[in-house]
Amino acid sequence: FHSLPHVDVLFSAGSIQYLDSDVAALVAMITAQRPKHVLLNNFALTTGPGFWSLQHLGAAMAPNQIFNDGEFLGAFAAAGYRLLDRWDVAELNCQIPFEPRRHIKAFAGVFLERTD
């Protein structure tokens, strides 16, 4: 994200959870170019504490981040963005063996707009 030119819309589908950054650093990277709109899809949000897990990708495993809902959206609000829309991505979920309380029924998508 650091080398992006100015853009009106930043779109990411299924990739932000693999970036090795905490929520504040991730939001800072995304909003550094001050896109008017941010559209993020196919990532996991939880009402519990955020955490890292391993995702089974068939022949491989990859670490991925599960974001705390309030912290994630709050960081965007603090950066000057408001939530315009939110949806469930029902075909994607997160089931962690032996950790049923961390089960994510559906991944998420969000559409945010810069408020200035």
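Note that the coordinates shown come from a computational prediction; the quantities given were computed from them, not determined experimentally.

Each helix and strand counted, the chain has 2 helices and 7 strands in total. In the chain, the succession of α and β elements from N to C terminus is β-α-β-β-β-β-α-β-β. The globule rule puts the C-alpha radius of gyration for 116 residues at 13 Å, and the 14 Å found for the chain is close to it. By its C-alpha atoms, the chain is 45 × 25 × 25 Å across when sized along the principal axes. Burial statistics for the chain: of 116 residues in total, 41% are counted as buried. Intrachain contacts of the chain at a sequence separation of at least 6 include 67% that bridge at least 24 residues. Summing over all exposed atoms, the chain offers an accessible surface of approximately 6600 Å²; the carbon and sulfur share of this is 56%. Taking the average location of the 8 positive side-chain charges in the chain and that of its 11 negative ones, the two points are 4 Å from each other.

Let's shift gears to the packing of aromatic side chains. Enumeration over the complete set of coordinates arrives at 5 aromatic pairs. Here Phe43 and Phe72 contribute two aromatic rings whose centre-to-centre distance is 5.1 Å and whose plane-to-plane angle is 40°, an arrangement assigned as tilted. Of the two residues, Phe43 is situated in strand S2 (residues 37-43) and Phe72 in helix H2 (residues 69-78); the sequence distance between them amounts to 29 residues. We classify Phe43 as buried; its relative accessible area is 0%. An angle of 85° between the planes, with centres 6.2 Å apart, marks the rings of Phe76 and Tyr81 as edge-to-face. Relative accessible area serves as the criterion here: at 0%, Phe76 is assigned to the buried category. In this structure, Arg102 packs its charged tip against the face of Phe51, placed 4.4 Å from the ring centre.

This part is about the sheet that holds strand S6 (residues 81-89). Strands in a sheet are paired, the pairing made by backbone hydrogen bonds, and the direction either parallel or antiparallel. Read from one edge of the open sheet, 4 strands run S1-S2-S7-S6, paired in mixed fashion. Lying at the two open borders of the sheet, with one neighbouring strand each, are strand S1 (9-13) and S6. Across the sheet, the mean angle separating the axes of adjacent strands is 10° when strand polarity is ignored. Each of S2, S6 and strand S7 (107-114) is contacted by H2, which is oriented at about 145° to S6, the strand it contacts most.

Right, let's talk about the nonpolar core for a bit. In this structure, Ile16, Ile30, Leu40, Phe43, Phe67, Phe72 and Phe76 are the most contacted members of the largest nonpolar core, which totals 20 residues. The set of elements that each furnish at least two residues to this core consists of helix H1 (23-31), S2, H2 and S7. Element by element, the count of residues in this core is highest for H1, at 5 residues. For Phe43, the residues in contact, after removing those within four places along its chain, are Ile16, Gln17, Phe67, Phe72, Phe107, Ala108, Gly109 and Val110. Counting residues in each nonpolar core, the second largest holds 8 residues, with Ala44, Ile66, Val89 and Phe107 among its members.

How each quantity is defined
- Residues numbered from 1 in each chain as written.
- Predicted model: local features only at pLDDT ≥ 70, side-chain atom pairs only at ≥ 80, totals over all residues.
- Heavy atoms only, no water.
- Helix = DSSP H or I, 4+ residues; strand = E, 2+ residues; numbered from the N terminus.
- Rg over C-alpha atoms; globule rule 2.2 N^0.38 Å.
- Buried < 20%, exposed > 50% of the residue type's maximum accessible area, 1.4 Å probe, protein only.
- Contact = heavy atoms within 4.5 Å.
- Areas by Shrake-Rupley, 256 points an atom, 1.4 Å probe, with all protein chains shown as cover.
- Lys, Arg positive; Asp, Glu negative; His and termini not counted.
- Charge placed at Lys NZ, Arg CZ, Asp CG, Glu CD.
- Phe/Tyr/Trp six-rings, centres within 6.5 Å; stacked < 30°, edge-to-face > 60°.
- Lys NZ or Arg CZ within 6 Å of the ring centre and 35° of its normal.
- Pairing = 2+ DSSP bridges.
- Axes fitted to C-alpha atoms, helices over the stretch in contact; angles between N-to-C directions.
- Core = buried A, V, L, I, M, F, W, Y, C linked by side-chain atoms within 4.5 Å.

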